[in-house]
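The lines below spell out each chain.
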Amino acid sequence: MKKTLYVVGAIIIKDGRILAVKRGESKNKAVAYKYEFVGGKIEEGESPQVALKREVREEMNYEVEVGQRFMQEVYEYEDVFVNLQTYFCRPLSEKYELKEHLDGKWLAPEELFSVEWAPADYNMISQLTKIKL
């Protein structure tokens, strides 16, 4: 039986653009070198919002205000199920520092598919292209 990972992702919006970050090497080849939302695993006893603030701080030295939940998606990878919850976030810091990612891009909704996303994010990206930020 496959394990389920509970994770959160930050849809960080600034000036009508969404931050996409590029992963590096990964044990899971399906997500290696793909773009994703900043985030990570929810630790035991954490709310999704607390986990998201912690992950953004750890991965980017960036402070965000976590807002409304956007979507939840369960995606089956070869070795694991990922239960991903995404939240709209507003940056509280001016600059970020990529500590775990190779690249970061601010993309307008119509530009989101100009980069290759991790498979679990595709349905969310499709929905984001349809909304006005």
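See the structure printed just above.
Bear in mind the structure is a predicted one, so any value in this text is a computation, not a measurement. (Residues numbered from 1 in each chain as written. Predicted model: local features only at pLDDT ≥ 70, side-chain atom pairs only at ≥ 80, totals over all residues. Heavy atoms only, no water.)

1. Overview of the environment of Lys 99
Item 1. Examined against the element boundaries, Lys 99 turns out to sit in the loop between strand 6 (80-91) and strand 7 (103-107).
Item 2. Its relative accessible area of 45% is what places Lys 99 among the partly exposed residues.
Item 3. Once the C-alpha coordinates of Lys 99 and Glu 59 are considered, the two residues, 40 residues apart in sequence, prove to be 5.3 Å apart.
Item 4. Setting aside residues no more than four positions away along its own chain, Lys 99 makes contact with Arg 57, Glu 58, Glu 59 and Asn 61. (Helix = DSSP H or I, 4+ residues; strand = E, 2+ residues; numbered from the N terminus. Buried < 20%, exposed > 50% of the residue type's maximum accessible area, 1.4 Å probe, protein only. Contact = heavy atoms within 4.5 Å.)

2. With respect to the side chain of Thr 86
Item 1. On the secondary structure map, Thr 86 appears in strand 6.
Item 2. Note on Thr 86: relative accessible area 0%, which makes it buried.
Item 3. Not counting the four nearest positions on each side in its chain, Thr 86 is found in contact with Gly 9, Ile 11, Phe 37, Arg 69, Phe 70, Met 71 and Met 124.

3. Here's the deal with the pattern of salt bridges
Item 1. Scanning all chains against the criterion turns up 11 salt bridges.
Item 2. In this structure, the salt-bridge partner of Glu 36 is Arg 23, at a minimum N-O distance of 3.2 Å. With Glu 36 in strand 3 (residues 35-36) and Arg 23 in the loop between strand 2 (17-22) and strand 3, this pair connects stretches of sequence that are 13 residues apart.
Item 3. Overall, Glu 36 belongs to the buried group, its relative accessible area being 12%.
Item 4. Classification of Arg 23 as partly exposed rests on a relative accessible area of 27%.
Item 5. Between Arg 54 and Glu 43 there is a salt bridge, with its nearest N and O atoms 3.6 Å apart. (Salt bridge = Lys/Arg side-chain N within 4 Å of Asp/Glu carboxyl O.)

4. Things to note about the packing of aromatic side chains
Geometrically, a pair of aromatic rings is defined through the distance of the ring centres and the angle of the planes.
Item 1. Summed over all chains, the structure comprises 6 aromatic pairs.
Item 2. When the ring of Phe 113 is compared with that of Tyr 122, the centres are 6.0 Å apart and the planes differ by 15°; the resulting orientation is stacked.
Item 3. Of the residues examined, Phe 113 reaches a relative accessible area of 45% and is grouped as partly exposed.
Item 4. Here Tyr 122 falls in the partly exposed class, since its relative accessible area comes to 33%. (Phe/Tyr/Trp six-rings, centres within 6.5 Å; stacked < 30°, edge-to-face > 60°.)

5. Topic: the nonpolar core
Item 1. In terms of nonpolar packing, the biggest core is built from 23 residues, with Ile 11, Phe 37, Phe 70, Tyr 77, Leu 112, Trp 117 and Leu 128 touching the most fellow members.
Item 2. Looking at this core, the elements with two or more residues in it are strand 1 (3-14), strand 2, strand 5 (64-76), strand 6 and helix 2 (122-128).
Item 3. The element best represented in this core is strand 6, accounting for 4 residues.
Item 4. Not counting residues up to four positions away in its chain, the partners in contact with Phe 70 are Ile 11, Thr 86, Tyr 87, Phe 88, Met 124, Gln 127, Leu 128 and Ile 131.
Item 5. If you look at the next biggest cluster of nonpolar residues, it comprises 15 residues, including Val 8, Val 21, Val 64 and Cys 89. (Core = buried A, V, L, I, M, F, W, Y, C linked by side-chain atoms within 4.5 Å.)

6. Quick word on the pairing of strand 5
Item 1. Summarising the sheet, strand 5 and strand 6 pair through 10 bridges and their orientation is antiparallel. Considered in strand 6, the bridge of Arg 69 is made with Tyr 87.
Item 2. Between strand 5 and strand 6, which follow one another and run antiparallel, lie 3 residues. (Pairing = 2+ DSSP bridges.)

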